[in-house]
Amino acid sequence: MAQTLLEPIAAGQTRFRMQGLAPDARGVAVGRETLLVFPALDRLVAFLGAYSEESSLDDLLPTMTLERARRSGGGHAILVRCAGADSYALDRLQRLTMAVRGSLYIGGGTLFVRYRERTAPFGYDLAEPIAAGDDDVVAVDLDFVGRYAVIDRLDPVELIQRLSLRQVPLPLAGISEDPTLCGMQEMALVLVAPGLSERVLGYLWRAKVEMAGVRFALAGERRASLLLRLRNPRGHTLDVLHGIPGVELLVPVSPRAAVEVGYRHPIHLSSASTCLPGDEMYLFRGRAARVERLEGAPRFVEGRHLVASEVDAGAIREPGDARSLGFEPLRIPIRLRPTSAAREPKGALIPWEQRELLRRLIYVIPPGSLASARLALLDEGVLVLTGAGIGGASAAGVAGVGAGALIPLGSRICEVAPGVLVPDGYELWPRVRPELLRELLGLESGQIALFRGGDVGREPLRLRPEHLAPLDAALVGRLGLAEGQALPEELAAQSPPSIVNQRLGRFALWGYGRGIEVDREPQSE
């Protein structure tokens with residue numbers, strides 16, 4: 001009689017003939033490793049797709065290895081190894097594996113046994129010890145032993161990236177019938193060929209579609225293509241774009257992957273982020289049967305900066321040279337107005353009634369300030385300026401206080417621009433830059449302008465360098481010198497004196513001066 005190779009495990013059993021088996025919390029026998037056997041590669045793809053719909057492949061891929069093996073009796077199989085888990089996870093793996101016509105075994109190393117089923121709720125153990133022999137993998141079932149020799153290994157990440165897209169039907173009335181079914185109700189990506197980018201941008205701009213774009217060159221192409229991101233696009237707009245040759249609509253399926261509309265990837269990419277390593281963006285194109293990889297996450301630019309602006313050059317009229325146009329109707333006068341801003345005095349305007357006091361104050365002005373001061377005679381009085389009050393600061397005016405600040409007479413004069421003087425407590429309105437103010441006043445180098453307060457409408461004075469004189473030279477008068485008295489003729493006719501060195505006695509000057517007679521004027525009594 002035929003004997004079974006496996007025997008059911010009893011409830012509470014803790015010792016097993018096969019090494020590597022151990023009971024979990026529910027008493028179900030589990031192994032260190034799990035082996036999944038599929039008859040062909042398409043069955044493995046179906047299993048991965050079903051698993052990604054229910055759970056995340058990121059939990060399975062780190063411990064998964066794919067091997068292509070040959071059976072000892074003939075034929076090939078795909079072997080999937082992964083880490084052992086509890087009975088709950090194994091139940092889900094067995095359900096999905098059996099749905100795609102595969103088998104699940106538990107164990108470790110090279111020897112595996114069938115996982116539990118209804119007739120053996122706690123699993124199976126070997127009825128008799130079985131030697132693995134020279135085979136790489138031995139899978140023991142109820143009535144047969146599968147022996148497999150590994151041919152090569154497959155990279156699961158590379159396998160998932162190279163899978164071909166599957167075509168899915170679109171609504172008969174177009175995408176506008178149900179944008180939610182197509183996955184583009186909130187956002188859609190549009191890949192535009194280089195020659196159509198400007199026309200597509202113009203159409204979307206006129207349709208008032210919220211968009212952003214980035215340009216990049218596809219692999220093997222020189223000209224850059226345009227990738228657009230549309231927010232909440234209308235169904236009619238999507239139908240128009242889908243019917244244009246050279247324009248591809250892409251549905252975002254994960255933050256770093258998009259699939260062309262009308263196609264579906266066999267794996268649910270949103271639950272398989274480890275299959276898309278790095279920071280690249282993956283575009284799965286169905287009609288072109290290509291996968292485009294973008295270096296890093298695309299940095300989209302707002303659509304208003306991408307649309308070309310059309311300007312009719314014939315409708316532009318130049319107004320002419322601004323320097324030759326007449327701005328007289330727009331001109332405004334510059335006038336004085338009171339202000340409370342404090343400024344350093346640069347001079348003083350002294351009325352003629354105080355000229356005598358000015359003459360006396362000259363004696364107390366420091367020499368440095370006196371040397372740098374300038375004076376001008378006006379109808380209103382005497383204008384005294386420091387060295388810095390004529391448009392350029394002299395060394396004496398900068399080193400100390402100017403004469404205009406030391407003289408407590410008349411009204412003080414302040415400088416609002418180089419060479420532009422106004423009375424203290426006033427300013428020029430409107431405020432213009434100093435260079436423009438000198439240009440408006442027509443001042444040349446060395447000239448100054450003086451605005452006088454009082455009556456409205458008084459024109460400012462132009463003072464040239466010849467109108468100014470040094471203060472010390474103008475106020476200090478000439479000194480009178482008396483003539484010296486000539487020498488008498490007797491002294492003038494004498495021969496030049498000679499020096500004789502003699503030995504002097506005790507009274508060396510006794511008798512000195514005798515014989516010299518000088519005519520002297522008689523003293524008045």
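Residues numbered from 1 in each chain as written. Predicted model: local features only at pLDDT ≥ 70, side-chain atom pairs only at ≥ 80, totals over all residues. Heavy atoms only, no water.

**Considerations on the overall build of the protein**
Counting its secondary structure elements, the protein contains 13 helices and 31 strands. Relative to its full complement of 525 residues, the protein shows a buried share of 37%. Once local pairs closer than 6 in sequence are excluded, the contacts in the protein between residues at least 24 apart make up 68%. Carbon and sulfur atoms provide 52% of the accessible area of the protein, an area that totals close to 32700 Å². (Helix = DSSP H or I, 4+ residues; strand = E, 2+ residues; numbered from the N terminus. Buried < 20%, exposed > 50% of the residue type's maximum accessible area, 1.4 Å probe, protein only. Contact = heavy atoms within 4.5 Å. Areas by Shrake-Rupley, 256 points an atom, 1.4 Å probe, with all protein chains shown as cover.)

**What to know about the confidence of the model for the protein**
Taken residue by residue, the protein gives an average pLDDT of 83. The fraction at 70 or more is 86%. Element-level mean pLDDT values for the protein span from 40 in helix α9 (residues 395-399) up to 94 in strand β4 (residues 33-38). Note that pLDDT drops below 50 for residues 392-400; the model gives that stretch nine contacts with residues more than four away or on any other chain. (pLDDT = per-residue confidence, 0-100.)

**Some thoughts on helix α2 (residues 87-99)**
Helix length check: α2 (13 residues) gives 18 Å between terminal C-alpha atoms against 18 Å at 1.5 Å per residue, within 8%. All of the buried residues in α2 are S87, L90, L93, Q94, L96 and T97. Of the residues one or two after α2, R101 is the one with positive phi, at around 65°. (Expected span 1.5 Å × (residues − 1).)

**Details of the sheet that holds strand β6 (residues 76-83)**
Working definition: the strands of a sheet are paired by backbone hydrogen bonds and lie parallel or antiparallel to each other. Judged by pairing direction, the barrel is mixed, and its seven strands sit side by side in the order β4-β6-β5-β11-β10-β8-β7 before closing back on the first. Going from strand to strand, the sheet's axes swing by 35° on average, the running direction of each strand aside. In the sheet, strand β8 (residues 111-114) pairs with strand β10 (residues 137-140) via three bridges, with the strands oriented parallel. Of the residues in β10, the one forming a bridge with L111 is V138. (Pairing = 2+ DSSP bridges. Axes fitted to C-alpha atoms, helices over the stretch in contact; angles between N-to-C directions.)

**Focus on the layout of surface pockets**
In this model, the second largest pocket occupies a volume close to 420 Å³. Around the second largest pocket sit 21 residues that line it, and V168, C182, V253, Y263 and R264 are the ones nearest its centre. Sorting the residues of the lining of the second largest pocket by element identifies α4 (179-182), β16 (247-254), β17 (257-260) and β18 (263-264) as the ones contributing at least two each. Residue composition of the lining of the second largest pocket, by class: 14 nonpolar, four polar and three charged. (1 Å grid on protein atoms, 1.4 Å probe; cavity = no way out; pocket = protein on both sides within 12 Å on 5 of 7 lines; lining within 4 Å. Points joined across faces, edges and corners; volume = space filled by probe spheres on them. Nonpolar A, V, L, I, M, F, W, Y, C, P; charged D, E, K, R; others polar.)

**Re the pairing of strand β20 (residues 290-294)**
Looking at chain direction, strand β19 (residues 281-285) and β20 are connected through five bridges and run antiparallel. By the bridge assignment, R285 is partnered in β20 with R290. Counting the residues between successive antiparallel strands, the hairpin from β19 to β20 contains four residues, one of them, A289, with a positive phi of roughly 55°.

**Thoughts on the sheet that holds strand β30 (residues 461-463)**
Pairing in this open sheet of eight strands is mixed, and the strands run β30-β29-β27-β26-β23-β25-β24-β31 from one edge to the other. Of all strands in the sheet, those bounded by a partner on one side alone are β30 and β31 (469-470). Relative to strand β25 (residues 381-385), strand β23 (residues 345-351) is paired through five bridges, and the arrangement is antiparallel. Across the sheet, residue I350 finds its bridge partner in β25, namely V382.

**Description of helix α5 (residues 197-206)**
Turning to α5, its buried residues are S197, V200, L201, G202 and L204. Buried residues along α5 sit against β13 (187-192), β14 (210-216), β15 (225-231), α6 (235-242) and β16. K208 sits one or two residues past α5 and shows a positive phi near 60°.

**Points about the packing of aromatic side chains**
Tallying each qualifying case throughout the model produces two aromatic pairs. Ring centres of F47 and Y51 lie 6.0 Å apart, and the angle between their planes is 40°; this geometry places the pair in the tilted category. In this pair, F47 and Y51 are both assigned in helix α1 (residues 41-54), four residues apart and thus about one turn of the helix distant. Aromatic rings pair up to connect F38, F47 and Y51 into one cluster. Sitting over the ring of Y88, R26 keeps its end group 4.0 Å from the ring centre. (Phe/Tyr/Trp six-rings, centres within 6.5 Å; stacked < 30°, edge-to-face > 60°. Lys NZ or Arg CZ within 6 Å of the ring centre and 35° of its normal.)

**Here's the deal with the nonpolar core**
F38, L44, F47, L57 and V113 are the most contacted members of the largest nonpolar core, which has 44 residues in total. Take this core: its biggest share by element is five residues, from α1. If sequence neighbours within four positions are ignored, V113 has contacts with L6, M18, L21, Y105, I106, Y124, L126 and V140. (Core = buried A, V, L, I, M, F, W, Y, C linked by side-chain atoms within 4.5 Å.)

**Notes on the pattern of salt bridges**
Side chains that differ in sign of charge can pair as their charged atoms come close. Applying the stated criterion to the full structure yields 23 salt bridges. In the salt-bridge network here, residues are joined through shared partners; they are E33, E67, R81 and R153. (Salt bridge = Lys/Arg side-chain N within 4 Å of Asp/Glu carboxyl O.)

**A look at the pairing of strand β27 (residues 420-423)**
Where burial is concerned, the two faces of β27 agree: the one with V420 and V422 and the one with L421 and P423 are both buried. Relative to β27, strand β26 (residues 411-417) is paired through four bridges, and the arrangement is antiparallel. Opposite E415, over in β27, you have L421 as the bridge partner. Hairpin geometry of β26 and β27 is characterised by an intervening segment of two residues between the two adjacent antiparallel strands and by a positive phi of about 80° at G419. Looking at chain direction, β27 and strand β29 (residues 448-450) are connected through two bridges and run parallel. Bridge pairing in β29 places V420 opposite A449.

**Quick look at unusual backbone geometry**
Each neighbour pair has its own omega, and for W429 with P430 the value is 5°, a cis peptide bond. Inspection of the secondary structure assignment puts P430 in the loop between β28 (426-429) and α11 (434-441). Its identity as a non-glycine residue notwithstanding, N232 has a phi of 50°, on the positive side. By secondary structure assignment, the location of N232 is in the loop between β15 and α6. Under the relative-accessibility criterion, N232 is labelled exposed at 54%.

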